[in-house]
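These are the residues of each chain, in order.
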Amino acid sequence: MTIKFEQVFYGRGERGYGILGASPGADKFIARTEALCGAVGTPAVDYGGEPFLLSVPEGDRVVMACGRRGALDAMGRATLFFHVLIAAKTDLYSAEADAFSLFTAGAFAERMPDGKTECLRIDTQAEPNEPAPGMAVLLPAVFRSPAPAANLVQRAVAGRANGLSWATYAFQPLPGFDVQVLPPRVLCMQASNEYDATGKIVHSAEAANAPQAEEKLGCGSERVTLSHYSNVANESSQEKSNVMLKFSIVVNFVLVAVCAVLLVSRKSMPDSPASKTEQIVVTNFVERVVEKEVMAKLSAAQKAEIVASYRLCLAEEFQAKNAYVSIPDFEKQDLVQQVEKDYKQFPDGQKQKNQKAFFDKLREYVDFVNKNLMKGNKP
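Residues numbered from 1 in each chain as written. Predicted model: local features only at pLDDT ≥ 70, side-chain atom pairs only at ≥ 80, totals over all residues. Heavy atoms only, no water.

S.K.: Give a description of the overall build of the protein chain that names residues and reports values.
M.R.: When helices and strands are counted, the protein chain shows 8 helices and 13 strands. Looking at the 379 residues of the protein chain, the share that counts as buried comes to 33%. If you take every contact in the protein chain between residues at least 6 apart in sequence, the share linking residues at least 24 apart comes to 61%. (Helix = DSSP H or I, 4+ residues; strand = E, 2+ residues; numbered from the N terminus. Buried < 20%, exposed > 50% of the residue type's maximum accessible area, 1.4 Å probe, protein only. Contact = heavy atoms within 4.5 Å.)

Given below as structure tokens:
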């Protein structure tokens, strides 16, 4: 069976991280690809460059990505390169294919290919791989490993690779993922079940202490729920409040009925003092149960998510002003080359040193703006 895949390439270009190429049919998945690849985080110094896989169901499609070490940037720092394949779920199920089998078949590119990016067609008539033995885990699950652990994730998803969100490695927590592998020293969300590299559980999800809703702040007033697991505590609290309100209403109606019966019975007696007194007015007060919002301490992962969202807002505002443009190649600017040439000729050595320190800092600022604020532009 031949499967058609749309392709997207993501990595570091001349203007920082961004889309390097995409097939014509992948346009509507550009934003999802940027968010998915950007959420993986920055490689630590101990990252060995091993490839890792991500898979996320997106409507009737599945977005599958393979990340690996890319080319060094201008400052000699390691970068990441992603090749993303998008295919229809029905085609993948029919061919018994997923990101694991596609990686084994060599479908993911190791570097940006030359020429125009078109859709990819792969013949999957080869014998499928033997299914890995399943592993009983509670979702959402986090495995701790110093390197990508595809075998653990494959056993954890157990035949549901195209229906769950999973990652064989990430450098920071991925909100909303069912299964993911994180380095040992990276903090994870409390509402996750944590396992070691052998599959043994070391920490159960703290549902009672987890935030009532894990949300990502958006620009303006929009807020998007990241994980359906985080809604359990909130739904339970609402259910309890509804039960308490109904119980309060029923009790009050019973009290009113009892008071009315007593009042009528006392007035029907001729010698009853109640017949000579003013009519008793019974007022029904219904207790209203109101949920009280409690400030919860943010975890490190939630703080990082808020900071990332705030930076995204700044980037959008920055680009919307149209008064700023990126500097694609700082070193090739005529003014920079001339000034650098001039200060190198200063007879005062200390003055040369001060000027060099200033220009080195300026290079870092330009690189930060190009990479973090102007990354929405195609490199």
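S.K.: Please set out unusual backbone geometry residue by residue, giving values where relevant.
M.R.: Omega for the bond connecting leucine 139 with proline 140 falls within 30 degrees of zero, at -5 degrees, which places this linkage in the cis form. For alanine 158, which is not glycine, the phi dihedral falls at a positive 45 degrees. The exposure class assigned to alanine 158 is partly exposed, which follows from its relative accessible area of 41%.

S.K.: Break down the pairing of strand S5 (residues 80–88) for me, citing the residues and quoting the values.
M.R.: Summarising burial for S5: 9 of the 9 residues are buried, a large majority. With 5 bridges connecting them, strand S1 (residues 2–13) and S5 associate as antiparallel partners. Considered in S5, the bridge of glutamate 6 is made with isoleucine 86. Note that strand S4 (residues 61–69) and S5 share 9 bridges and pair antiparallel. Each bridged residue has a counterpart across the sheet, and for glycine 67 the counterpart in S5 is phenylalanine 82. (Pairing = 2+ DSSP bridges.)

S.K.: I'd like a description of the side chain of glutamate 194, backed by residues and values.
M.R.: For glutamate 194, the position within the fold is in strand S10 (residues 193–195). Residue classification places glutamate 194 among the buried positions, given a relative accessible area of 15%. A polar contact of 2.9 Å, which involves the side chain of glutamate 194, links it to the side chain of arginine 144. Those residues within four positions of glutamate 194 in sequence are excluded, and the remaining contacts are Val142, Arg144, Cys188, Lys200, Ile201, Val202 and His203. (Polar contact = N/O pair within 3.5 Å; in protein donor to acceptor, adjacent residues only side chain to side chain.)

S.K.: Explain the pattern of salt bridges residue by residue, including any values.
M.R.: Applying the stated criterion across every chain yields a total of 8 salt bridges. Linking arginine 144 and glutamate 194 is a salt bridge whose minimum nitrogen-to-oxygen distance equals 2.9 Å. Of this pair, arginine 144 sits in strand S7 (residues 141–144) while glutamate 194 sits in strand S10, placing them 50 residues apart in sequence. Judged by its relative accessible area of 12%, arginine 144 is buried. (Salt bridge = Lys/Arg side-chain N within 4 Å of Asp/Glu carboxyl O.)

S.K.: Could you give an account of the packing of aromatic side chains, with specific residues and numbers?
M.R.: Here the structure, examined in full by the defined rule, presents 10 aromatic pairs. On the numbers, 5.5 Å between centres and 85 degrees between planes, the contact of tyrosine 169 with phenylalanine 171 is edge-to-face. Three or more aromatic residues link up through ring pairs in this structure, and these residues are Tyr10, Tyr17, Tyr47, Phe52, Phe82, Tyr169 and Phe171. (Phe/Tyr/Trp six-rings, centres within 6.5 Å; stacked < 30°, edge-to-face > 60°.)

S.K.: Just give me the short version of the environment of glutamine 154, but keep the residues and values in it.
M.R.: Within the element layout of this structure, glutamine 154 appears in helix H4 (residues 150–157). For glutamine 154, a relative accessible area of 28% corresponds to the partly exposed category. Between the C-alpha atom of glutamine 154 and that of phenylalanine 100, which follows or precedes it by 54 residues, the distance is 7.7 Å.

S.K.: Give me the nonpolar core: which residues, what numbers.
M.R.: Core analysis: the largest hydrophobic core is formed by 59 residues, its most contacted members being Phe5, Phe52, Leu54, Met64, Phe143 and Trp166. Examining the composition of this core, we find that 6 residues originate from one element, S5, more than from any other. Aside from chain neighbours lying at most four places away, what touches phenylalanine 52 is Val40, Tyr47, Ala65, Cys66, Gly67, Arg68, Leu80, Phe82, Pro148, Thr168, Tyr169 and Phe171. (Core = buried A, V, L, I, M, F, W, Y, C linked by side-chain atoms within 4.5 Å.)

S.K.: Break down the side chain of serine 192 for me, citing the residues and quoting the values.
M.R.: If you trace the backbone, serine 192 turns up in the loop between strand S9 (179–182) and S10. Leave out the neighbours within four places in its chain, and serine 192 touches Pro140, Val142, His203, Ser204 and Ala205.

S.K.: Tell me about the pairing of S7, and name the residues and values.
M.R.: Residues of S7 alternate between two faces, with Ala141 and Phe143 on one and Val142 and Arg144 on the opposite face, all of them buried. Two elements, S7 and S9, share 4 bridges in a ladder whose sense is parallel. Along S9, the bridge assignment pairs valine 142 with glutamine 180. The pairing of S7 with S10 spans 3 bridges and is parallel. Considered in S10, the bridge of valine 142 is made with glutamate 194.

S.K.: Quick one: what's the story with H4, residue by residue and with numbers?
M.R.: All of the buried residues along H4 are Leu152, Val153, Ala156 and Val157. The buried residues of H4 all sit within an arc of 120 degrees when viewed along its axis, so they share a single face. Elements that come into contact with the buried residues of H4 comprise helix H3 (99–104), S7, strand S8 (166–167) and S9. Just beyond H4, the residue with positive phi is alanine 158, at close to 45 degrees. (Arc of directions from axis to C-beta.)

S.K.: Tell me about helix H1 (residues 30–39), and please be specific about residues and values.
M.R.: Considered for burial, the residues of H1 that qualify are Thr33, Leu36 and Cys37. Taken end-on, H1 shows its buried residues confined to a sector of 90 degrees, consistent with a single buried face. For H1, the elements touching its buried residues are S1, strand S2 (16–22), strand S3 (52–58), S4 and S5. Two residues or fewer after H1 comes glycine 41, characterised by a positive phi angle close to 100 degrees.

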